[in-house]
Amino acid sequence: MWTPAKRVARKRRLVRKKAQLFALLGDSCAICGSTQELSVDHIDGREWGVAAREVSQETRINLYLLEAANGVRLRTLCKKHNSGYRAYRSVA
Ligand SMILES: [Zn+2]
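None of these values were measured; they are calculated from a predicted model. (Residues numbered from 1 in each chain as written. Predicted model: local features only at pLDDT ≥ 70, side-chain atom pairs only at ≥ 80, totals over all residues.)

Describing the overall build of the chain
Within the chain, the secondary structure is distributed over 3 helices and 2 strands. Mapped from its N terminus to its C terminus, the chain presents α and β elements in the order α-β-α-β-α. Looking at the chain as a whole, 13% of its 92 residues qualify as buried. Counting only contacts in the chain whose residues sit at least 6 apart along the sequence, the fraction spanning at least 24 positions is 85%. (Helix = DSSP H or I, 4+ residues; strand = E, 2+ residues; numbered from the N terminus. Buried ≥ 20, exposed ≤ 12 C-beta atoms within 10 Å, placed from the backbone. Contact = placed C-beta atoms within 7 Å.)

So this is what it looks like as structure tokens:
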């Protein structure tokens, strides 16, 4: 049964995993050093595809942690620089 207590536990787990991920990759933007609205960028430009955008935040964080453990090159970027990178790549 889904209870508020479970929801709180899930949220706490998510916060902890997020902290773990950014502790691993760096907790500020690799370009400007911002610590606001951070996201993870694939340095080699690898994408998961459309389906990956529909998964939950927790699943995404798990995937990033798995990739980092498997030597996939990831870096932390703020939202602004991550979307800029994407736009740049799409016209290249
Ligand atoms: Zn930035």
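Picking up after the structure, the text goes on.
Focus on unusual backbone geometry
Notably, Glu-37 is not glycine yet its phi reads approximately 50 degrees, a positive angle. Assignment of secondary structure puts Glu-37 in the loop between helix 1 (4-25) and strand 1 (38-42). Take Glu-37: there are 11 C-beta atoms within 10 Å of it, and that puts it in the exposed class.

Structural notes on the nonpolar core
Leu-21, Leu-25, Val-40, Tyr-64 and Leu-74 together form the largest nonpolar core, which totals 5 residues. If we ignore the near neighbours within four places in the chain, the residues touching Leu-74 are Leu-25, Val-40, Asp-41, His-42, Ile-43, Tyr-64, Glu-67 and Ala-68. (Core = buried A, V, L, I, M, F, W, Y, C linked by C-beta atoms within 7 Å.)

Looking at the confidence of the model for the chain
Looking at the chain, pLDDT values average 84 and 79% of them are 70 or higher. In the model of the chain, helix 3 (residues 79-91) stands out as the element of lowest mean pLDDT, 62, in contrast to strand 2 (residues 74-78), which has the highest, 94. Across residues 87-92, confidence stays below pLDDT 50; counting only partners more than four residues off in sequence or on other chains, it has 1 contact. (pLDDT = per-residue confidence, 0-100.)

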